[in-house]
Amino acid sequence: MAESRQIRIYLDGLTCASCVRRAEAALTALDGVTRAEVSLADASARIDATDTVAMPEIAAALDAAGYPLRRAETGLSVDKMSCASCVGRVEAALAAVPGVLDVRVNLATESARVIHAEGVVTADDLAAAAGDAGYPATVTQGGESRDATTRKQGEARDMARRTGLAAVLALPVFVLEMGGHAIPALHQLIADTVGMQASWVLQFLLTTLVLAGPGRGFYRTGIPALLRGAPDMNSLVALGTGAAYGYSVVATFLPGLLPEAVRAVYFEAAAVIVVLILLGRWLEARAKGRTGAAIERLMGLQARTARVMRDGTAEEVEIDAIVPGDIVLVRPGERIPVDGEVTEGSAHVDESMITGEPVPVAKSAGDAVTGGTVNGAGSLDLRATRVGADTTLSQIIRMVEEAQGAKLPIQGMVDRITLWFVPAVMAVAALTVAVWLAVGPDPALTLALVAGVSVLIIACPCAMGLATPTSIMVGTGRAADMGVLFRKGDALQALAGIRTVALDKTGTVTEGHPEMTDLVLAEGMDRAEVLRLVAAVEARSEHPVADAITRAARAEGAEMAEVTQFETITGHGVRARVAGRDVLVGADRLMTREDIDTAPLAQTEADLAARGRTALFAAIDGRLAAVIAVADPVKPSSAAAIASLRGMGLRVAMLTGDKRETAEAIARETGIDEVVAGLLPEDKVTAIKDMQARGSVAFVGDGINDAPALAQADVGIAIGTGTDIAIEAADVVLMSGDLRGVTGAVAVSRATMRNIRQNLVWAFGYNVALIPVAAGVLYPAFGTLLSPVLAAGAMALSSVFVVSNALRLRRLRPAMGDEAGEHARNAAPVAGRPATAG
């Protein structure tokens, strides 16, 4: 059975949503392709296909559809080739690399030129393939493809040059024709000097240069698409400008074919339309270049070289040359190149790019460090554990790229509409011309031409195609800046519609590890002595509560005394002899069994339990010594984050396996609306199903036991500091353990969907409103027609508006912290209200 794989490629010629739909149709028509998603924003396609589908087949299908696969050319210098058979072997080895389209190997120059799909295969992959076949190869710099940033900048510069040239050529045409109409004296001057016929011939020459030069791309792409029966935006522009140009050519050189009343030229319309559309595309290209800013920033965090120990000597090597197990030396102030484990040295590392926390974290031998973080003042030696594509930073970049190229459910509706939009516009334009010719006043032919061209130009569906993907790219990029990674694209839409946020307790709302919170002494007891004796007993126990007491004692400098006769009393506590003294630590029932009076501290124990603490009694030599409380402390940010969520109109619930008293105490402390306690992992799934009956639910968790609940929820959100299993089951990953990331995720989702809806309303509303105007519905009442030039300007601005509106998401600042908490408390007070069971 053929294995399935995912391919990501880049396309050329995508200019509108109709192009996206047709490119997807061409891909899904291939046998072995199970799914294809095309993004207009970055001109990429994601394909799920079996191994039976070869890249040349994909390229051929896209070429036939008019949206060619973006190709890159790599040059290799190949050694050890001596005959034609060597050439054949190198060609076969290179052709077998996934993504390769064509290979040309030259024995005389000992070189190879490889044409491959951009972004699918790297130059190093090709060199490695030749080397594996027995012919060592090195990459020649001249054949390497430019990176995405350079390509985008080059595209914008090229579009600027084309726009500038078109504007210089079109300006005289516009002045000669429109200036003459606007200023009668100028019109008379032209007639008296060069003459109107000479003026028209000059306009013809300049307009021809505009259409054949800067504007030829519209015809080179649009006409073939039209002939294939799959017209796109370029087809509309080509038809519109071609009609205006052709009519003007006839009026200029064959005037006898037209009635005298309709002899007029529209060269300025054809020329200025090209200028305005190119201007719009230039502005759009510049804006779209900024939509990938998040990826560029993440890529900028990657180190390029590193100092690695090789044969006892530190060598500067390329980052790609590091392998797991290498010892990497990191000097003060340097960026850590790969994920690893510190073997020697100590320093404070700035991990804000991962966690968002500005305070550097102390690192010493045995601690893990992450590639891309910045070393502080100390030097570190670390053993590389994850390199290349396996590093945390590479995985983050990959997740962001996948999210940015995702197609949301809302996009399906847009695709269905735009599939037929261009043919429908052409039909409307034809109908407009027919109606004007049939019932229009004189000069009917001129009016029909103006209206028909205006309809073709104003209705280009660029804005429709850009409405969703540009917002997704900017929104997910902004989320990444905030430490929120959308692993699955549809989660971006689903999260905006949730009604309840369900939280796991341990490690999500709380820190995830117990700490000793209280030590209340009986009268006459010394804190240091009690803590020393109790900690010595608890050090022999493996219970998490005992570990918390032991850690607290060591933090206060207590020395562990010698322990004898240690005994665990099941369900009650422990007892032992410590430094010759009898020590008991356990629940009140242990004290009762040993006839120790707990009355002096009974109320204290009850108060601690009511506050969610696990309270234990300690007795020394048969006398009550202290009450000790242990708790898993609430994260400092949890209350503010929960208040923010409630301020956003969301119901917040907590699901936990802990006992109800502890859970309800935490709920009161943090303002949680609903508590479901005493749950097993499978019970959490049931609880989420019950909540889903009231609306969609997002679940936030971090542990292995949370994976089923993360999968069951409408949106699963994993704390990035949690387990890999939880992260794999989640739709959204928070890079830090801060619960405020949930607030950021919801805010980004809502803002992005709001932005998409704004874009779609504009894009569809613009066409619905202006197509009739372009067709001439206002002419009977006001006697005016929309100029094709104004139509071109409006069309270009519509695309620029959509992209610019999406870029506003880069400034998103979700309300968090105390300000958000205060807002939520004012909106829905929770102080003193008991939590309810679910």
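The structure presented is a predicted model; accordingly, all values stated were derived computationally and were not measured.

The rules behind these values
- Residues numbered from 1 in each chain as written.
- Predicted model: local features only at pLDDT ≥ 70, side-chain atom pairs only at ≥ 80, totals over all residues.
- Heavy atoms only, no water.
- Pairing = 2+ DSSP bridges.
- Helix = DSSP H or I, 4+ residues; strand = E, 2+ residues; numbered from the N terminus.
- Axes fitted to C-alpha atoms, helices over the stretch in contact; angles between N-to-C directions.
- Contact = heavy atoms within 4.5 Å.
- Parallel < 35°, antiparallel > 145°, perpendicular 65-115°, else oblique.
- Left-handed = near helix turned anticlockwise from the far one by under 90°.
- Nonpolar A, V, L, I, M, F, W, Y, C, P; charged D, E, K, R; others polar.
- Phe/Tyr/Trp six-rings, centres within 6.5 Å; stacked < 30°, edge-to-face > 60°.
- Buried < 20%, exposed > 50% of the residue type's maximum accessible area, 1.4 Å probe, protein only.
- UniProt positions renumbered as here; feature names shortened; annotations may be inferred.

Some details on the sheet that holds strand E3 (residues 44-50)
Reading across the sheet, the three strands line up as E1-E3-E2 and stay open at both edges, with antiparallel pairing between neighbours. Across the chains shown, the open sheet's two edge strands, defined by having one partner strand only, are strand E1 (4-10) and strand E2 (33-39). Sheet twist, expressed as the mean angle between neighbouring strand axes with direction ignored, is 15 degrees. The strands that helix H1 (residues 17-28) touches are E2 and E3; relative to E2, the one it contacts most, it runs at about 160 degrees. Across the sheet, helix H2 (residues 55-65) lies against E1 and E3, angled at about 45 degrees from E1, the strand it touches most.

As for the packing of helix H15 (residues 421-439) against helix H16 (residues 444-458)
Two elements in contact, H15 and H16, have axes separated by 8 Å at closest approach and are oriented at 165 degrees. Relative to H16, the element H15 lies roughly antiparallel. Our pair here, H15 against H16, has a crossing hand that is right-handed. Residues Val425, Met426, Val428, Ala429, Thr432, Val433, Trp436 and Leu437 of H15 touch H16, and the partners they reach there are Ala444, Leu445, Leu447, Ala448, Ala451, Gly452, Val455 and Leu456. Of the residues in the contact of H15 with H16, the class split is 14 nonpolar, two polar and no charged.

Describing the sheet that holds strand E14 (residues 368-369)
If you walk across this open sheet you meet the six strands as E9-E8-E10-E16-E11-E14, and the pairing is antiparallel. Looking along the sheet, the strands with just one partner apiece sit at the ends: strand E9 (313-318) and E14. As defined by bridge partners, strand E11 (residues 339-345) adjoins strand E16 (residues 380-386) across six bridges and the pair is classed as antiparallel. Opposite glycine 345, over in E16, you have leucine 380 as the bridge partner.

Let's talk about the packing of aromatic side chains
This model, assessed by the stated rule, comprises seven aromatic pairs. Both rings, one in tyrosine 245 and one in phenylalanine 267, keep their centres 5.9 Å apart while their planes meet at 65 degrees; by these two values the pair is edge-to-face. Here tyrosine 245, found in helix H9 (residues 233-253), pairs with phenylalanine 267, found in helix H10 (residues 267-291); they are 22 residues apart in sequence, far enough to count as distant. On the basis of relative accessibility, which here comes to 18%, the residue tyrosine 245 falls in the buried class. Judged by centre distance (5.1 Å) and plane angle (80 degrees), the rings of tryptophan 436 and tyrosine 779 are edge-to-face. A residue pair is termed long-range when its members are at least 10 positions apart, and tryptophan 436 in helix H15 and tyrosine 779 in helix H30 (residues 779-782) qualify at 343 residues. With a relative accessible area of 8%, tryptophan 436 lands in the buried category. By relative accessible area, which is 23% here, tyrosine 779 ends up partly exposed. Ring pairs connect the aromatic residues Phe204, Tyr245, Phe253 and Phe267, which therefore count as one cluster.

Quick notes on the UniProt feature "transmembrane region" (unreviewed entry) in the protein
Those residues carrying the UniProt feature "transmembrane region" (unreviewed entry) are residues 165-186, 198-215, 236-258, 264-283, 417-439, 445-468, 760-779 and 785-807 in this numbering. In the segment residues 760-779, helix accounts for 85% and strand for 0%; the C-alpha atoms at its two ends are 28 Å apart.

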